[in-house]
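# Breakdown of the fold
This is what each chain is made of:
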Amino acid sequence: MRILVALLAVGLALAEKIQYRPVPKEVLKQRLELAAKDNASRLRTLELLFEHTGCKGPNLQPLPVKGSKLPNLACTLPGESPNTILVGAHYDKVRAGMGVVDNWSGASMLANLHEALSSVPRKHTLVFIGFTDEEKGLAGSRYFVAKQKKEDLARIKAAINIDSIGMGTANVWSKRSDSRLLALLEVLNGALKFDVPWINVDKVGDSDSHPFAGKKIPVIDFHSLTTETLPALHTPRDTIDAISLDHYEVTHRMLSAYLALLDLRLEVTLATPVQYENK
Ligand SMILES: [Zn+2]
């Protein structure tokens, strides 16, 4: 019992330190509704959303990708340290549907997270990056990773990927994700009562976390895919109607809180090895 009280106190103390400014549900919805049908318009809209949330000037940069018509788009929120937490989501879509789930749900969330996290100074630099041409063999993220100088890559301490959220609860692709980053998610869930099921999607696809994991950068990968929701992707059913706004809003708060917590605890999290029996 005494242990329980102590744990509860730790949880509450932690909850108090997790600071961010949540974006209101109505605004999340409006930004989802901006999903455009062609990739060039999606890029332009993402740029406008970033600017609207205060990311501009030298902090907002298109990064050309060889072989792709459209660039990656990086928004930097400078922190005390140049050591970086990277948050990625692809903005391109396939031909069918509106690509609201896959992956405007993630791309517009980048701007929402930038807004939420910019409420207080952060210890680490946060880089929010919209990747191009994920649907063409992860072209944008592969090129980004390949193009980084060794010392720049070494500054990326963790990479969070967001793809196809909002159809239900946020799930974590546990097999793809670093055990230490998963353990931190469990700390968050204990403190703030989020529930993020482990659901592996390696049998059905890939994501932009792959090139980072390939360089031994700790990654964690969020989605909302289940056997029920998966069939809507890459079809005319991928519209705003496929999104549950309630779940999307909770996902926004969970991701904001996770990033705020990761910023507070990055070094200690990565210094603590964790082993899971069944990921
Ligand atoms: Zn996708």
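Anyway, here's the lowdown on the structure attached to this text.

How each quantity is defined
Residues numbered from 1 in each chain as written. Predicted model: local features only at pLDDT ≥ 70, side-chain atom pairs only at ≥ 80, totals over all residues. Core = buried A, V, L, I, M, F, W, Y, C linked by C-beta atoms within 7 Å. Buried ≥ 20, exposed ≤ 12 C-beta atoms within 10 Å, placed from the backbone. Contact = placed C-beta atoms within 7 Å. Helix = DSSP H or I, 4+ residues; strand = E, 2+ residues; numbered from the N terminus. Pairing = 2+ DSSP bridges. Right-handed = clockwise from strand over helix to strand, strands pointing away. Axes fitted to C-alpha atoms, helices over the stretch in contact; angles between N-to-C directions. Parallel < 35°, antiparallel > 145°, perpendicular 65-115°, else oblique. Left-handed = near helix turned anticlockwise from the far one by under 90°. Nonpolar A, V, L, I, M, F, W, Y, C, P; charged D, E, K, R; others polar.

### Describing the nonpolar core
Judged by nonpolar contacts, the single largest core of 73 residues is most densely connected at Val 87, Leu 113, Tyr 258 and Leu 259. In this structure Leu 113 touches Val 87, Phe 128, Leu 255, Ser 256 and Leu 259, once residues within four positions along its chain are discounted.

### Some remarks on the pairing of strand S3 (residues 81–90)
One face of the sheet, then the other: side chains in a regular strand alternate in exactly this way. In terms of burial, S3 is a largely internal element, 7 of the 10 residues being buried. Of the strand pairs in this sheet, S3 and strand S4 (residues 124–131) are connected by 8 bridges, and their pairing is parallel. Its bridge partner being in S4, Ala 89 is matched across the sheet by Gly 130. Handedness of the S3-helix H4 (residues 100–117)-S4 crossover: right-handed. With 5 bridges joining them, S3 and strand S5 (residues 156–162) adopt parallel strand pairing. Each bridged residue has a counterpart across the sheet, and for Gly 88 the counterpart in S5 is Asn 161.

### Quick notes on the packing of helix H7 (residues 179–192) against helix H9 (residues 245–270)
Running from amino to carboxyl end, H7 crosses H9 at an angle of 130°, the nearest separation of the two axes being 10 Å. Taken together, H7 and H9 sit at an angle that is classed as oblique. The handedness of the crossing between H7 and H9 is right-handed. For the pair H7 and H9, contact is made by Arg 180, Leu 184, Leu 185, Leu 188 and Leu 192 and by Ala 257, Tyr 258, Leu 261, Leu 262, Arg 265, Thr 269 and Leu 270, respectively. Class assignment for the residues of the contact of H7 with H9 results in 9 nonpolar, 1 polar and 2 charged.

### What about the sheet that holds S4?
Across a sheet, strands are paired by hydrogen bonds formed along the backbone, either parallel or antiparallel in direction. Spatial strand order, S1-S2-S4-S3-S5-S7-S6: 7 strands in an open sheet with mixed pairing. The open sheet has two edge strands, strand S1 (60–63) and strand S6 (171–172), and neither has a second partner. On top of the sheet, H4 reaches strand S2 (72–77), S3, S4 and S5; it is set at about 150° to S3, its chief contact.

### Describing the packing of helix H3 (residues 39–52) against H4
Axis separation between H3 and H4 bottoms out at 9 Å; the angle between their running directions is 20°. Relative to H4, H3 is oriented roughly parallel. H3 and H4 meet at a crossing whose hand is right-handed. Side by side, H3 and H4 meet where Arg 42, Leu 46, Leu 49 and Phe 50 of the first sit next to Trp 104, Ala 107, Ser 108, Ala 111 and His 114 of the second. Considered class by class, the residues forming the contact of H3 with H4 number 6 nonpolar, 2 polar and 1 charged.

### Side note on the pairing of S5
In terms of residue burial, S5 counts as a mostly covered element, since 5 of its 7 residues are buried. With 4 bridges joining them, S5 and strand S7 (residues 219–223) adopt parallel strand pairing. When the bridges of S7 are listed, Ala 159 appears paired with Val 219.

### Examining unusual backbone geometry
Following Asp 102, the chain continues to Asn 103 via a peptide bond in cis, the omega torsion being 5°. Mapped onto the elements, Asn 103 comes out in helix H4. The backbone phi angle of Asp 133 is positive, close to 50°, even though this residue is not glycine. Owing to 22 C-beta atoms within 10 Å, Asp 133 belongs among the buried residues under this scheme. We note that His 234 has phi near 60°; this positive angle belongs to a residue other than glycine. One can find His 234 in the loop between S7 and H9.

Just geometry here; none of it tells us what the structure is for.
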